[in-house]
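# Notes for the structure review
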Amino acid sequence: MEPIVTITGGAILGTTEGGVTRFLGVPYAAAPVGARRFRLPEPVERWQGLREATSMGPTCAQSPYPAPIHALIGSDGIPGDDYLNVNVWTPDVGGAGLPVLVWIHGGAFVRGSNARRIYDGTAFARDGVVLVSINYRLGISGFAVLDGAPSNRGLHDQLCALRWVRDNIAAFGGDPDNVTIFGESAGGMSVAALMAAPQSAGLFRRAIVQSGNGSVAAEADDARLVSAALAEHLGITPTAADFGALGPADLCSAQNAVALALMTDPDPQRWGTSVVERGLGIMSLFPVVDGDVVEGTPTEVLAANPQRRVPLVAGTTADEFRFFTVPTGITAGVNADSLPFVLARYGIDPSVAHTYARQRPDAAPAEIFNAILTDWCFRAGTMDLAETNAATAATYVYEFAWPTALPGLGACHVLEVPFVFDAVDNAHTLTGPTPPQPLADEIHAAWVSFAAHGSTGWSAFTPAEKNVRIFDHPASSTVDNPRAEELAALRQAIRS
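Residues numbered from 1 in each chain as written. Predicted model: local features only at pLDDT ≥ 70, side-chain atom pairs only at ≥ 80, totals over all residues. Heavy atoms only, no water.

### Remarks on the side chain of Thr317
Note the threshold: The helix and strand labels rest on DSSP assignments: H or I over at least four residues marks a helix, E over at least two residues marks a strand, and numbering proceeds from the N terminus. Burial status follows relative accessibility: with a 1.4 Å probe on protein chains alone, a residue under 20% of its type maximum counts as buried, one over 50% as exposed, and anything between as partly exposed. In what follows, a contact means two residues having at least one pair of non-hydrogen atoms within 4.5 Å.
The residue Thr317 is located in strand β11 (residues 312-317) in this model. Overall, the relative accessible area of 1% leaves Thr317 in the buried class. Once residues lying within four places of it in the same chain are set aside, the contact partners of Thr317 are Ser211, Thr374, Glu399, Phe400, Ala411, Cys412, His413 and Glu416.

Here it is as structure tokens:
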């Protein structure tokens, strides 16, 4: 029998293979084109008859990754207007009460989609979880602060998708009262923002933040500086009307030009302190404090609103920043003479390098640089989020430490994702040809257990015992507060 379900938009047809049924490219909101591009998401327009949901749906317009990054993870780009869509994998369309995981993809808020092979939800459905992956507006369309448009449209899309899950997931066998949201990189930062957002109440029970942090939120005045630069590049004013008159190619061109200018010259006087510091030297368009969805940085908001905290898994990879610096050749330019100047560029007191070098006596200056930037961009903010959340809610922290076989990358950004999805065979361009399947079994099982029962299999992170699960092969371990001296020194170096 063909798998057919009826949801708020109408009836959809999926496909079943190996005991797993999938529905792909299902719209959860009206197409954000024309007059809708810079408005809040609107209800999906009902369709007549049976809609096929058998192939991946469109993705938000974006530029390909630079060639070295593209070689590792590929790029996204499926044309079409209905890109506010979800994919659903389920083990039992006729079932009930199954745990639900909702995946929010990364891509620095300007790239990415739910169509990547490493996000295939088959293994989660195989193990009894309904997996939903979502798309949302990116770049200028999702996050530029423009006159005549609400801010944080991309986050509003994510909230709209979660409301879609609440209203429709039972049709796929899922339990709307047992939803866990999870995401990586910009997706992890989105999860942190959603945890803090007052509009999220009742939409999910648990959260997983992978390679994100709790400090990403630009101040509105600073974000307007970025919008002004985008408008200047395009020869228009920073209004929804002017930007709405342009096509996706123009928007992508402006995004690329401004992102390059910010990375080349991260001057707080030009871009605003919060854009430079909270954008981590990588992002120019990201969530902004609007007093509505985003009341402040997620960690600050959760500290002031303990009732919004939920059970949390949060972690990073051991060598996050190598993903950005090794393939692009940036690391090759860092030596003993340049290291202090490069650190100062990011607003970090160069003296912190002595602490890292003392802990890593055989490390070259480039390795010290990558370790410090890994902590500055990801680990420090993740630990701050975990420490705040752990005061009143169950919290579990991890580090993914297994290094890829590709030279120089170590345990870099994105590397844990195919292990989480138990999809390492789809990721050999990133993992190398023989990734350890037992490690995928272990970390995937932990995510399944957390989604189903709220447990991970390792000791909780608490204010008294800062346990961190180190995922590695041939053996993982749980360590109390690893590399605490480095992190303390980095925090002091940032404050100074």
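### A closer look at the sheet that holds strand β5 (residues 50-52)
Stated formally: Strand pairing requires that DSSP identify at least two bridges connecting the strands. Axes here refer to lines fitted to C-alpha atoms; in helices the fit is confined to the stretch in contact. Angles between the N-to-C directions go from 0 to 180 degrees.
Read across the open sheet, the three strands follow the order β1-β2-β5; overall the sheet is mixed. Across the chains shown, the open sheet's two edge strands, defined by having one partner strand only, are β1 (4-7) and β5. Within this sheet the neighbouring strands show an average axis-to-axis angle of 35°, counted without direction. Judged from the three bridges that link them, strand β2 (residues 10-13) and β5 form a sheet pairing that is parallel.

### So, the pairing of strand β9 (residues 174-184)
A regular strand places its side chains so that they alternate between the two faces of the sheet. Our working rule: A crossover gets the label right-handed when its path from the first strand over the helix to the second runs clockwise, viewed with the strands pointing away from the viewer.
Of all 11 residues making up β9, eight are buried, and the element is well covered by its neighbours. Judged from the six bridges that link them, strand β7 (residues 98-104) and β9 form a sheet pairing that is parallel. Along β9, the bridge assignment pairs Val102 with Ile181. Judged from the five bridges that link them, β9 and strand β10 (residues 206-210) form a sheet pairing that is parallel. Looking across to β10, one finds that Ile181 is bridged to Ala207. After leaving β9, the chain enters helix α5 (residues 186-196) and then returns to the sheet as β10, a path that is right-handed.

### Some thoughts on helix α8 (residues 248-264)
The condition that has to hold: Multiplying one less than the number of residues by 1.5 Å gives the expected span of a helix.
If you check α8, its first and last C-alpha atoms are 24 Å apart, about what 17 residues at 1.5 Å a residue would give, namely 24 Å. Among all positions of α8, only Leu251, Cys252, Ala254, Gln255, Val258, Ala261 and Leu262 are buried.

### Here's the deal with the nonpolar core
Within soluble globular proteins, side chains that are nonpolar generally end up buried alongside one another. Under the convention used in this document: Buried Ala, Val, Leu, Ile, Met, Phe, Trp, Tyr and Cys residues form a nonpolar core when they are joined through side-chain atoms within 4.5 Å.
Formed by 111 residues in total, the largest nonpolar core has its most connected members in Val132, Phe172, Ile348, Ile372 and Leu373. For this core, the leading source of residues is helix α15 (residues 365-389), giving 10 residues. The residues contacting Phe172, other than those within four sequence positions of it, are Val5, Ile7, Ile12, Phe23, Val88, Thr90, Asp92, Val93, Val130 and Trp164. In this structure, Trp103, Phe124, Cys412 and Leu430 belong to the second largest nonpolar core, which totals 45 residues.

### A look at the pairing of strand β8 (residues 130-134)
Buried residues dominate β8, accounting for five of its five residues. Going residue by residue along β8, you find Val130, Val132 and Ile134 tucked away on one face and Leu131 and Ser133 tucked away on the opposite face as well. Judged from the four bridges that link them, strand β6 (residues 85-90) and β8 form a sheet pairing that is antiparallel. Bridge assignment links Asn87 to a residue of β8, and that residue is Ser133. Sheet topology places β7 next to β8; five bridges connect them, and they run parallel. Bridging from a neighbouring strand, Val100 pairs with Val130 of β8.

### Some remarks on the environment of Ile104
Locating Ile104 in the fold gives a position in strand β7. Ile104 gets classed as buried once you look at its relative accessible area, which sits at 1%. Residues Ile104 and Ser133 lie 29 residues apart in sequence; the distance between their C-alpha atoms is 6.3 Å.

### As for the packing of helix α4 (residues 153-168) against α5
For clarity, the threshold we go by: Roughly parallel here means an angle under 35 degrees, roughly antiparallel means over 145, roughly perpendicular means 65 to 115, and every remaining angle is called oblique. Each residue is assigned to one class: nonpolar for Ala, Val, Leu, Ile, Met, Phe, Trp, Tyr, Cys and Pro, charged for Asp, Glu, Lys and Arg, and polar for all the others, Gly among them.
Close contact between α4 and α5 brings their axes to 11 Å; oriented N to C, the two are set at 75°. One finds that α4 runs roughly perpendicular with respect to α5. Judged by residue contacts, Leu155, Gln158, Leu159 and Leu162 of α4 engage Ser190, Ala193 and Leu194 from α5. Here the contact of α4 with α5 is built from residues that sort into five nonpolar, two polar and no charged.

### Remarks on the pattern of salt bridges
The line we're drawing: One speaks of a salt bridge when a side-chain nitrogen belonging to Lys or Arg is within 4 Å of a carboxyl oxygen belonging to Asp or Glu.
Tallying each qualifying case throughout the model produces 22 salt bridges. Among the salt bridges present, the one from Arg36 reaches Glu42, with a minimum N-O distance of 2.9 Å. Arg483 is the partner of Glu486 in a salt bridge, and the nearest nitrogen-oxygen pair spans 3.8 Å. Connected through shared salt-bridge partners, Arg36, Arg39, Glu42 and Glu45 make up one network.

### Some thoughts on the packing of helix α14 (residues 352-359) against α15
Cut-off, in case you're wondering: In this scheme the crossing of two helices becomes right-handed for a clockwise turn of the near helix relative to the far one and left-handed for an anticlockwise turn of less than a right angle.
Contact geometry for α14 and α15: axes closest at 10 Å, N-to-C directions at 110°. Between α14 and α15, the angle is such that the two are roughly perpendicular. Our pair here, α14 against α15, has a crossing hand that is right-handed. When α14 is examined against α15, the residues Val352, Ala353, Tyr356 and Ala357 are found in contact with a partner set consisting of Ile368, Ala371, Ile372 and Asp375. Along the lines of polarity and charge, the residues of the contact of α14 with α15 split into seven nonpolar, no polar and one charged.

### Thoughts on the environment of Pro482
Structurally, Pro482 can be placed in the loop between β14 (477-480) and α19 (484-495). Overall, the relative accessible area of 13% leaves Pro482 in the buried class. Spatially, the C-alpha atom of Pro482 lies 21 Å from that of Thr404, the residues being 78 residues apart in sequence. Once you skip the residues sitting within four places of it in the chain, Pro482 turns out to touch Arg379, Val468 and Ile470.

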